[in-house]
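# Breakdown of the fold
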Amino acid sequence: MVDLKSQYEKIKATVDASIQEVLDTTTYINGPKVHEFQKNLEQYLDVKHVIPCANGTDALQIAMMGLDLKPGDEVITADFTFAATVEVIALLQLTPVLVDVDLVNMNISIDAIKKAITPKTKAIVPVHLFGRAANMEAIMRIANEHNLYVIEDNAQAIGANCKFSDGTKKKAGTIGHVASTSFFPSKNLGCYGDGGAIFTNDDALAHKIRGIVNHGMYVRYHHDVVGVNSRLDSIQAAVLDAKLPFLDQYSQARQDAARKYSKAFESHANIVAPTICDICDCHVFHQYTLRITNGKRDQLMEHLQSKGIPCAIYYPIPLHSQKAYIDSRYKEEDFPVTNQLVKEVISLPMHTELDDEQIEFITNSVLEFFK
Ligand SMILES: *Cc1c(COP(=O)(O)O)cnc(C)c1O
């Protein structure tokens, strides 16, 4: 699904030198590399504050801890996403409210958000799923009307743009009150271990979060709030700082591969390929995900695997059906799109190193299955 080795080989000298600097200075924790990467990412995203932390799940949890949410407050999020999103809501004793997604962009449905709002609703967590920016303009409008926080889960879409009707563009993860991302190796900006970060434009919230990641400490050995220990280590920061200058190039390589895939599947009777917008970079293709509409998704998967082509189902089970998150309030008819997507989606190999020969082999293999 990914090819981290070829990617590393191309930038080996830069990455190795960056790591070597950390080794030479032995500043393994909170070293200058962490600060440099933080500043460079703030500039890249055009966001006031980046707060690095240990992983994307922590980032989401810490972002929520920074807001004044109380046990029992309802937090609306998408039914079709990775479990981390709903997990941290539940861990903080907030009440997750899972809602359906949109069939075309696979992101949280605006209508479903509107229907789910109650007097207890305090926040919305849109996930920019598979690398495609959610409809942040509509989400912020609803949030402003109802006085809700917006926490963007941007683990999959770093570098993607959100476009607004007045023509402006902003990076995904810089629009809500706070956002989280993951630097897991296979994410679009991945380190060589675990890593994550929180983004916000709110100075007071950034200050609060900087304490939370460090045991709730603002003055040494004074613990003002209950915090956690969540750090990005310097070696991971060194890798990320070396890779950040390539992020736009990497996004483009993913978009180029997606364009070639989608061209091959164009107007096929049983395949719905993701649409690619040529102007706004609203999709950075963390995953390239097809919908197979003739009920033969699983057979296609077997066919591809028999040819040695990796593929995956993200995600096979809706969160509302997961044992940990079942809730008597959910009705199956509230999730028609998620229930459809879990049966139809299949993700093909997607990374920065796909060449034309590989793409042709993969698309031909998909197409021959339907013949
Ligand atoms: C990867 C991911 C996370 C969690 O990131 P980790 O660094 O693995 O903790 C959270 N949300 C989404 C949508 C993800 O894809």
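Residues numbered from 1 in each chain as written. Predicted model: local features only at pLDDT ≥ 70, side-chain atom pairs only at ≥ 80, totals over all residues. Heavy atoms only, no water.

### Focus: the sheet that holds strand S3 (residues 95-99)
- Within the open sheet, the seven strands sit side by side as S1-S9-S8-S5-S4-S2-S3. Their pairing is mixed. Looking at the sheet topology across the chains shown, the edges are occupied by strand S1 (49-53) and S3. In this sheet, adjacent strand axes meet at a mean angle of 25° when their direction is disregarded.
- Note: strand S4 (residues 121-125) against strand S5 (residues 149-153), two bridges, orientation parallel. (Pairing = 2+ DSSP bridges. Helix = DSSP H or I, 4+ residues; strand = E, 2+ residues; numbered from the N terminus. Axes fitted to C-alpha atoms, helices over the stretch in contact; angles between N-to-C directions.)

### Quick notes on the sheet that holds strand S13 (residues 288-292)
- Taking strand neighbours across the sheet as the criterion, the three strands line up as S12-S13-S14 in an open arrangement whose pairing is antiparallel. A strand with exactly one partner marks an edge of an open sheet, and here the two such strands are strand S12 (271-272) and strand S14 (345-348).
- Bridge count between S13 and S14: four bridges; the pairing is antiparallel. What sits directly across from Arg291, in S14, is Val345.
- Its contacts with the sheet put helix H9 (residues 247-265) on S12, S13 and S14, and the angle it makes with S13 is roughly 15°.
- On the sheet, helix H10 (residues 297-306) packs against S13 and S14 and is oriented at approximately 20° with respect to S14. (Contact = heavy atoms within 4.5 Å.)

### Focus on the layout of surface pockets
- Estimated volume of the largest pocket: approximately 470 Å³.
- For the largest pocket, the lining is made up of 25 residues, of which Phe82, Gln156, Phe184, Lys187 and His286 are closest to its centre.
- At the level of elements, helix H3 (56-65), helix H4 (84-91) and strand S8 (178-182) are the ones that each hand at least two residues to the lining of the largest pocket.
- Partitioning the lining of the largest pocket into residue classes produces ten nonpolar, eleven polar and four charged.
- Both domains that meet at the lining of the largest pocket, namely domain 1 (4-246) and domain 2 (247-369), each give it at least three residues. (1 Å grid on protein atoms, 1.4 Å probe; cavity = no way out; pocket = protein on both sides within 12 Å on 5 of 7 lines; lining within 4 Å. Points joined across faces, edges and corners; volume = space filled by probe spheres on them. Nonpolar A, V, L, I, M, F, W, Y, C, P; charged D, E, K, R; others polar. Domains from an automatic or database assignment.)

### Comments concerning the site of the ligand
- Inspection of the region around the ligand gives Asn55, Gly56, Thr57, Thr81, Phe82, Ala84, Val127, Asp153, Ala155, Gln156, Ser182 and Lys187 as its neighbouring residues.
- A distance of 3.4 Å separates an oxygen atom of the ligand from a polar atom in the side chain of Asn55.
- Ser182 is positioned with one of its side-chain polar atoms (N or O) 2.7 Å from an oxygen atom of the ligand.
- Taking a 2 Å distance to the grid points as the criterion, the majority of the atoms of the ligand fall inside the largest pocket.
- Per-class residue counts for the shell around the ligand are four nonpolar, six polar and two charged. (Near = heavy atom within 4 Å. Polar contact = N/O pair within 3.5 Å; in protein donor to acceptor, adjacent residues only side chain to side chain. Sits in = over half its atoms within 2 Å of the grid points.)

### Here's the deal with the pattern of salt bridges
- For the structure shown, the criterion picks out 14 salt bridges.
- Between Asp203 and Lys48 there is a salt bridge, and its shortest N-O distance comes to 3.1 Å. Highlighted residues: Asp203 in helix H7 (residues 203-212) and Lys48 in the loop between helix H2 (32-45) and S1, separated in sequence by 155 residues.
- Accessibility expressed as a relative area gives 47% for Lys48, which makes it partly exposed.
- The residue Asp356 makes a salt bridge to Lys260 at a minimum N-O spacing of 2.7 Å. One end of the pair, Asp356, is in helix H12 (residues 356-369); the other, Lys260, is in helix H9, and 96 residues separate them in sequence.
- Connected via shared salt-bridge partners are Glu21, Lys33 and Glu36. (Salt bridge = Lys/Arg side-chain N within 4 Å of Asp/Glu carboxyl O. Buried < 20%, exposed > 50% of the residue type's maximum accessible area, 1.4 Å probe, protein only.)

### Brief notes about H7
- Looking only at H7, the buried set comprises Leu205, Ala206, Ile209, Gly211 and Ile212.
- Elements in contact with the buried residues of H7: S1, H3, S8, strand S9 (196-200) and strand S10 (217-219).

### Considerations on the domain arrangement of the protein chain
- Each assigned domain of the protein chain is listed here: domain 1 (4-246) and domain 2 (247-369).
- Computed over C-alpha atoms only, the centres of domain 1 and domain 2 are separated by 24 Å.
- Facing 46 residues of domain 1, the contacting portion of domain 2 comprises 37 residues.
- Taken together, both faces of the contact between domain 1 and domain 2 bury some 3700 Å²; the carbon and sulfur share is 57%.
- Measuring nitrogen to oxygen at the nearest pair gives 2.4 Å for the salt bridge that ties Lys10 to Glu353.
- Linking domain 1 with domain 2 are 23 residue pairs in polar contact (both at pLDDT 80 or more), by the criterion used here.
- Of all the secondary-structure elements, those providing two or more residues to the side of domain 1 that touches domain 2 are helix H1 (4-25), strand S2 (74-78), H4, S3 and strand S6 (161-163).
- Considering every element that reaches the side of domain 1 that touches domain 2, the biggest residue donor is S3, with five residues.
- Looking at side-chain class alone, the side of domain 1 that touches domain 2 contains 25 nonpolar, ten polar and eleven charged residues. (Buried area = accessible area lost by both parts, 1.4 Å probe.)

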